[in-house]
Amino acid sequence: FFAARMFGGDGGVSVLGLDINTTGRVWVWTVTVESWLEAPWFGHGISAPISILERNGWGHPHNEVLRVLHQGGVLGLACFAVFVSGLVAMVIRAFKSVSLSACKRLYAHASALALSGWLVMMLTDNVLMYPWIALPTLVLVILAYQHRVA
């Protein structure tokens, strides 16, 4: 099942000679970039639909960076980069705590794993649109950060 799901389908991207199934995402990403180029600095707005995507059954571009870029432009993407960099910095600071108890170490490791998965998922989906993915990750990062000195 997994091999067919990952390496079958449209073969939209080739990495090291392996054709990877992108299930039409390459087309969606291309349309999103073309639409973004119409308003590159400030984007099209928070809930701006990409009409050609909606006409073809896609609700969003399945890439968090492209969604932010389309909606907020270069300015929005810069703000988003600051937000994500802040989360990464919080996790790094949690690990740099002088003495980590077992509980604090657990929070630090859990937040690092969750944030790593979150960042990878951003490439193929819109994780901020799903509260069941975004909120637990943010809670773990905050817990790890607040336990760094407590």
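Cut-offs applied
Residues numbered from 1 in each chain as written. Predicted model: local features only at pLDDT ≥ 70, side-chain atom pairs only at ≥ 80, totals over all residues. Heavy atoms only, no water. Phe/Tyr/Trp six-rings, centres within 6.5 Å; stacked < 30°, edge-to-face > 60°. Helix = DSSP H or I, 4+ residues; strand = E, 2+ residues; numbered from the N terminus. Buried < 20%, exposed > 50% of the residue type's maximum accessible area, 1.4 Å probe, protein only. Patch = residues over 30% accessible without salt bridge, like charges linked within 9 Å, V, L, I, M, F, W, Y side chains within 5 Å. Areas by Shrake-Rupley, 256 points an atom, 1.4 Å probe, with all protein chains shown as cover. Salt bridge = Lys/Arg side-chain N within 4 Å of Asp/Glu carboxyl O. Core = buried A, V, L, I, M, F, W, Y, C linked by side-chain atoms within 4.5 Å. Contact = heavy atoms within 4.5 Å.

Caption draft 1: Up close: the packing of aromatic side chains. Enumeration over the complete set of coordinates arrives at two aromatic pairs. Taking 6.4 Å as the distance between ring centres and 35 degrees as the angle between the ring planes, the aromatic pair formed by Phe80 and Phe83 counts as tilted. With a gap of three residues between them, Phe80 and Phe83 both fall in helix H4 (residues 64-95), about one helical turn apart. Classification of Phe80 by relative accessible area gives buried; the value is 11%. Looking at Phe83, the relative accessible area reads 36%, which means it is partly exposed.

Caption draft 2: Fine view of a nonpolar patch on the surface. Residues Trp41, Phe42, Val74 and Leu75 make up a contiguous nonpolar surface patch of about 460 Å² in total accessible area. Considering the arrangement of structural elements, one finds Leu75 in helix H4. With a relative accessible area of 47%, Leu75 lands in the partly exposed category.

Caption draft 3: Up close: the nonpolar core. Counting residues in hydrophobic clusters, the biggest one holds 14 residues, and the most contacted among them are Leu87, Leu115, Trp118, Met122 and Val141. Listing elements by their share of this core, those giving two or more residues are H4, helix H5 (102-121) and helix H6 (131-146). Take this core: its biggest share by element is six residues, from H4. Apart from the residues within four sequence positions on either side, Leu115 is in contact with Leu87, Val88, Val91, Thr137 and Val141.

Caption draft 4: Region of the structure containing the pattern of salt bridges. In this structure the tally under the stated criterion is one salt bridge. Between Arg67 and Glu64 there is a salt bridge whose closest N-O contact spans 2.2 Å. One end of the pair is Arg67 and the other is Glu64, both in helix H4 and three residues apart, which spans about a single turn. Overall, Glu64 belongs to the buried group, its relative accessible area being 0%.

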